[in-house]
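# Coordinate inspection notes
Letter by letter, the chains look like this.
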Amino acid sequence: MPNVFESTRDGQSVFRNEDALKPEFLPPSLPGRETQVNELVECFKPLASGRIARNAFIHGPPGLGKTATARWVLRELSDYTEKIVCIYVNCWQHSTRQAVLAQASAGVGEIMPRRGLATDEVFDRMMSVIHSSKKTPVVVLDELDRLFYEKQENVVYDFLRAEPCFTLVLISNNPNVLSKLDDRTRSSLQAKTIEFPRYTPQELKLILSERSKLAFVEHTCPQEVIALCAAFGAKNNGDARVSIHALWQSGKRAEKRGAEEISLEDARNALREQEKATASQSKRLINLSAGEEKILAALEDGKKTSGELYDALASDLSERAIRDYLNLLEKKKLAESKEINQASGRTREWKKIV
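Residues numbered from 1 in each chain as written. Predicted model: local features only at pLDDT ≥ 70, side-chain atom pairs only at ≥ 80, totals over all residues. Heavy atoms only, no water.

## Focus on the pattern of salt bridges
This model, assessed by the stated rule, comprises 23 salt bridges. D19 serves as the salt-bridge partner of K22, at 3.0 Å between the closest nitrogen and oxygen. Given a relative accessible area of 38%, K22 falls into the partly exposed group. D19 sits in the partly exposed class, given a relative accessible area of 39%. Between R323 and E319 there is a salt bridge, with its nearest N and O atoms 3.9 Å apart. With R323 and E319 both in helix α14 (residues 319-331) and four residues apart, the pair spans about one turn of that helix. Note on R323: relative accessible area 38%, which makes it partly exposed. E319 gets classed as partly exposed once you look at its relative accessible area, which sits at 46%. Within this structure, R97, D120, D158 and R161 form a network of salt bridges that share partners. (Salt bridge = Lys/Arg side-chain N within 4 Å of Asp/Glu carboxyl O. Buried < 20%, exposed > 50% of the residue type's maximum accessible area, 1.4 Å probe, protein only. Helix = DSSP H or I, 4+ residues; strand = E, 2+ residues; numbered from the N terminus.)

Here's what the structure looks like:
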């Protein structure tokens with residue numbers, strides 16, 4: 001029996017650098033985000049001369065380049081001056097005060113154990129490293145909303161009260177999230193708001209054109225394919241990630257065929273696959289009960305434990321009803337849960353999966 005990999009050993013690939021189409025890839029330029037880049041640069045300009053910068057709050061729907069813009073500007077700033085240290089924290093992955101500070105400490109080179117240290121000690125050790133380095137720290141708190149779900153937003157004030165002064169970049173899909181901060185923190189923050197509008201079809205086409213030059217072998221990705229994927233992203237709320245994913249899927253289909261060029265049919269099939277997946281999710285949302293809809297709405301902003309759902313919906317539903325609805329939603333594959341440990345014991349954490 002021939003080896004199952006034999007047929008692909010010397011096969012052609014349209015890809016030169018597949019990583020250029022991954023969500024975490026940071027491109028050399030940011031088409032369509034020139035205004036937002038300039039606004040963020042203005043906030044950071046004082047850092048180059050040792051002065052205090054202005055904090056920034058970045059908001060807009062998913063897929064509009066918020067994280068990429070913040071990371072891109074900080075990369076440029078780090079290349080320009082050695083007087084700063086840039087720290088990135090994804091609050092969805094690091095959702096407690098302890099976790100955020102530990103991640104920030106790692107960003108300045110002070111690795112902390114995951115357990116065994118008090119939060120204040122983590123903060124003090126991080127500040128000791130920063131004082132020794134004589135650098136000004138810039139911290140990006142991405143997916144900021146998660147801190148509010150976990151009631152851990154006071155970590156924002158930890159950074160604001162620090163000496164030397166931190167510069168903060170807060171990123172959220174929710175334009176009103178800062179209104180949830182207490183008055184003391186909002187007063188200290190004084191952040192410049194930078195809004196990210198939806199990409200136009202022309203901007204998406206330019207983004208894909210530049211990514212395709214990095215991702216694909218020359219002359220393997222026709223402009224017609226790029227235009228089709230850009231139009232698909234434009235139809236989906238101007239989401240660049242949708243367009244980029246469609247382009248990647250198109251390339252994978254061509255690669256599977258062993259083709260030397262991505263065809264329009266590859267792109268059309270990739271888009272049909274994405275539309276089918278979206279339609280399947282939408283169909284499962286039909287004929288939901290009022291109770292199920294309320295629970296999905298409560299999970300819209302992120303994961304919640306059973307106890308948090310009971311508290312949030314206590315005025316509308318009994319605990320028994322909430323448990324029954326959660327079980328139904330899990331059977332319908334609209335929500336999923338896992339057991340987690342809390343100080344009070346084990347519980348279930350729920351998240352929406354549509």
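Next comes the rest of the account.
## Concerning the pairing of strand β4 (residues 167-172)
With six of six residues buried, β4 is to be regarded as a mostly interior element. Side chains T167, V169 and I171 project from β4 onto one buried face, and the interleaved L168, L170 and S172 project onto a second face that is buried too. Examined bridge by bridge, strand β1 (residues 56-59) and β4 share four bridges and lie parallel to one another. If you follow A56 over to β4, its bridge partner there is V169. With four bridges joining them, strand β3 (residues 136-142) and β4 adopt parallel strand pairing. Residue L141 lies in a different strand from β4, and its bridge partner there is L170. (Pairing = 2+ DSSP bridges.)

## Comments concerning the nonpolar core
By size, the foremost hydrophobic cluster in this structure holds 49 residues, and its most contacted members are L40, F44, I58, F216 and L247. Excluding anything up to four places from it in sequence, L40 contacts A56, I58, T69, A70, V73 and I194. Counting residues in hydrophobic clusters, the runner-up holds 33 residues, among them C91, A104, L117 and V122. (Core = buried A, V, L, I, M, F, W, Y, C linked by side-chain atoms within 4.5 Å. Contact = heavy atoms within 4.5 Å.)

## Some points on the environment of L208
One can find L208 in helix α8 (residues 201-215). C-alpha separation for the pair L208 and S243, spaced 35 residues apart in sequence, amounts to 7.6 Å. With near-sequence residues (within four places) excluded, L208 lies in contact with I226, C229, A230, S243, I244 and L247.

## Here we look at the side chain of D142
The residue D142 is located in strand β3 in this model. The buried charged residue D142 lacks any salt bridge partner; its closest oppositely charged side chain belongs to K66, at an N-O distance of 6.8 Å. (Lys, Arg positive; Asp, Glu negative; His and termini not counted.)

## Some words on the sheet that holds strand β6 (residues 304-305)
Here we have three strands laid out as an open sheet, ordered β6-β8-β7, and antiparallel in their pairing. With one partner strand each, in any of the chains shown, β6 and β7 (335-342) form the two edges of the open sheet. Examined bridge by bridge, β6 and strand β8 (residues 345-352) share two bridges and lie antiparallel to one another. Bridging across to β8, T305 finds its partner in E349. Relative to the sheet, α14 contacts β7 and β8, its axis offset from that of β7 by approximately 125 degrees. (Axes fitted to C-alpha atoms, helices over the stretch in contact; angles between N-to-C directions.)

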